[in-house]
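Geometric and topological summary
What follows is each chain in one-letter form.
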Amino acid sequence: MAITAQNFIKLANFYNQMTMVMSAICVEKGGISMENYVGRFFAADVLEYTAEYGRRLMQNKQEQIGSDIASVIERFVQNYERIKSLTTPTQRPIHEMTLEEFERLMNI
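Described in the following lines is the structure provided in the data block.

Thresholds applied
- Residues numbered from 1 in each chain as written.
- Predicted model: local features only at pLDDT ≥ 70, side-chain atom pairs only at ≥ 80, totals over all residues.
- Heavy atoms only, no water.
- Salt bridge = Lys/Arg side-chain N within 4 Å of Asp/Glu carboxyl O.
- Helix = DSSP H or I, 4+ residues; strand = E, 2+ residues; numbered from the N terminus.
- Buried < 20%, exposed > 50% of the residue type's maximum accessible area, 1.4 Å probe, protein only.

For the rest of this paragraph, the subject is the pattern of salt bridges. In total, this model carries four salt bridges according to the counting rule given. Between Arg 55 and Glu 52 there is a salt bridge; the shortest N-O distance is 3.0 Å. In this pair, Arg 55 and Glu 52 are both assigned in helix α2 (residues 40–59), three residues apart and thus about one turn of the helix distant. Overall, the relative accessible area of 28% leaves Arg 55 in the partly exposed class. The class of Glu 52 is buried, set by a relative accessible area of 14%. A salt bridge links Glu 81 to Arg 55; its shortest N-O distance comes to 3.5 Å. Placement of the pair is Glu 81 in helix α3 (residues 67–83) and Arg 55 in helix α2, with a sequence separation of 26 residues. For Glu 81, a relative accessible area of 39% gives the class partly exposed. Through salt bridges that share partners, Glu 52, Arg 55, Arg 56, Glu 81 and Lys 84 make up one connected network.

Function cannot be inferred from these measures alone, as they are strictly geometric.
Structure representation (C-alpha cells):
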C-alpha cells in the first residue's frame, strides 16, 4: 500500500469514528470511563499505527501534503505520545513488521 494523503485521511476517519463508537459503548454500559474500557488498548494500537503512517507520509518526498493535513498528523502524534503506554507490547511495533512476522505473531 502506497503511503498517500488519501490513505492517511481514511485511517484518521476510521480512528475518529471508532472513538465515537467506543464513547457510545461506555455510555451504554452505565457510563464507565474510557480509561476503564477494555477497548482502549485496541484504540491505542490504532492510534499508534495512524500516527506512524502520518510520520512516514510527512517524510515521503513524492507526496505533497497541505498544512491542514500536517496539523492533523501532528495532533495524532501528540495524542499517541500521551497514551503510548497503553499500546500492545511487542518485540517490534506492528507497523515495522514484515507480513511473515505479522502472520507468525497472529498465528495465521
